[in-house]
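# Structural characterization, general
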Amino acid sequence: MPFVANLLYWAAIHRALSDISKQAHLADPTTTSSPAEPVVCLVLGGGLGRLANFCLDAATELGLRTNVHVVDANPIAVSCMREQFCESVATEVVVHDAFSLYPGMQVNELPEGLQNLVGRCNLVISELLGCFGDDEFLPELTVTMCNLFHKPGGISIPESWESYLVPVQTFNMDAFLRNAKRSYESTYTTGLPEDGVFLAEPRLAWKGSCYSYGGSFLGLLEFPHTPFMLRTKSGRQKTVLSNSEFLLHGLLGYFKAFLYKDIFIDTRHSSPLRNSFHWECFYLPLKTPVRLPVYEEGDEGHAVVCVGIMRHCRQIFQNAAAVSSSSIRRKCLKLHYAWSVSRCGTVSVFSSCTMKGNGVYLHYSL
């Protein structure tokens, strides 16, 4: 996670803990400014312990007592965090055994240590934003965490997210995929292509909440043809390109995540609110580029590019031999995207991100 995003996460955790302390004092004015009971924080995906340390640092600065519980599916990460927190804060940080959460999990399916946390957590924190906001199972996992562990009025960081798309011309990416014989039915994580020409401003595909799993992950977008290049990495200087013909090679995906209240992460390159300058993009290629008409000044506002995109996430059974020597069938979630692009009023050029074994999977049982 980029340095600025770390600062934003710390600020969100600090603000949330401060509000929890104030709410406890309002509920019982006879207490001091610090709640009588420790504030319970639950971190999903502890990694190297960064988020747990943010909780401890913010609580110390606010004069709060806190208990931080960390859940991670990676046994190596669990081992590293246990070494990190083994002595100095042993009573404040609990690193649970490696464990994979899955949507719809019931209380009796949780390990005993986590069953004791059900309905007791003031704050649930995760960093599963990926490059598109929801390409790392963010809604599936955070909603499950909130439903199981939140006490009434509990806070989730992040609270919600928005996913954005922009059509792009990039001969470099197209040549790379063709020369390397890479699939056009896959999505890719990439930096901003050096030759990238944005063919319009980013548009919202959908938005979602980390508290409740609802709504439709289906976007039907129309883009006016306003091509421009970013002349600086910060995206603050644009050069509009006119009197030229363009090819639409694919779509770039970005997100805006609302961590807590007015604290957010915005990865959109051309956004004036962008505050994360080293976050990678989500690239959805087209096998057959779409030729667009010559853009001339004064053409703004006319819809030229039509885009449809859908997010699919479903439970499947995968043969474990695909990832190990075992022949046991493994239950997992499979996530993929499907998208179509066309000039408005013409037949779509369709790409289906079925992945064919290269999908994004979340394994959670044998």
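Owing to the predicted nature of the structure, the values given are computational and were not obtained by experimental measurement.

## Some points on helix α6 (residues 171-179)
- Here α6 has its buried residues at Met173, Asp174 and Leu177. Projected onto a plane normal to the axis of α6, the buried residues spread over an arc of 100° and lie on a single side.
- Of the residues one or two after α6, Lys181 is the one with positive phi, at around 55°.

## A few points about the packing of aromatic side chains
- Throughout the structure, instances matching the rule amount to 10 aromatic pairs.
- Judged by centre distance (5.8 Å) and plane angle (80°), the rings of Trp206 and Phe217 are edge-to-face. With a gap of 11 residues between them, Trp206 in strand β9 (residues 203-209) and Phe217 in the loop between β9 and β10 (218-224) connect regions that are remote in the sequence. Across the pair, exposure class does not vary: Trp206 and Phe217 are buried alike.
- On the accessibility criterion, Phe217 (10% relative accessible area) is buried.
- Site record: aromatic cluster; members linked through ring pairs are Phe132, Trp161, Trp206, Tyr213, Phe217, Phe282 and Tyr337.
- The ring of Phe264 carries the charged tip of Lys256 above its face, separated from the ring centre by 4.5 Å.
- The side chain of Arg268 reaches across the aromatic face of Tyr164, ending 4.3 Å from its centre.

## Notes on the side chain of Asp266
- Examined against the element boundaries, Asp266 turns out to sit in strand β14 (residues 263-266).
- A distance of 2.7 Å separates the side chain of Asp266 from the side chain of Arg268, its partner in a polar contact.
- Residue contacts for Asp266: discarding those within four places in its chain leaves Phe255, Lys256, Ser271, Leu273, Arg274, Asn275 and Ser276.

## Re the pattern of salt bridges
- Evaluation of the coordinates by the stated rule reveals 10 salt bridges.
- Notably, a salt bridge pairs Lys261 with Asp19, separated by 2.7 Å at the nearest N-O pair. Highlighted residues: Lys261 in the loop between β13 (244-260) and β14 and Asp19 in helix α1 (residues 3-27), separated in sequence by 242 residues.
- Given the relative accessible area of 47%, Lys261 is considered partly exposed.
- Taking the shortest distance from any N to any O, the salt bridge between Arg291 and Glu245 comes out at 2.9 Å. Separated by 46 residues along the polypeptide, Arg291 in strand β15 (residues 281-295) and Glu245 in strand β13 bring together distant segments of the chain.
- Taking relative accessible area as the criterion, Glu245 reaches 45% and is therefore assigned partly exposed.

So, how was this worked out
- Residues numbered from 1 in each chain as written.
- Predicted model: local features only at pLDDT ≥ 70, side-chain atom pairs only at ≥ 80, totals over all residues.
- Heavy atoms only, no water.
- Buried < 20%, exposed > 50% of the residue type's maximum accessible area, 1.4 Å probe, protein only.
- Helix = DSSP H or I, 4+ residues; strand = E, 2+ residues; numbered from the N terminus.
- Arc of directions from axis to C-beta.
- Phe/Tyr/Trp six-rings, centres within 6.5 Å; stacked < 30°, edge-to-face > 60°.
- Lys NZ or Arg CZ within 6 Å of the ring centre and 35° of its normal.
- Polar contact = N/O pair within 3.5 Å; in protein donor to acceptor, adjacent residues only side chain to side chain.
- Contact = heavy atoms within 4.5 Å.
- Salt bridge = Lys/Arg side-chain N within 4 Å of Asp/Glu carboxyl O.

The analysis is restricted to geometry; functional conclusions fall outside its scope.
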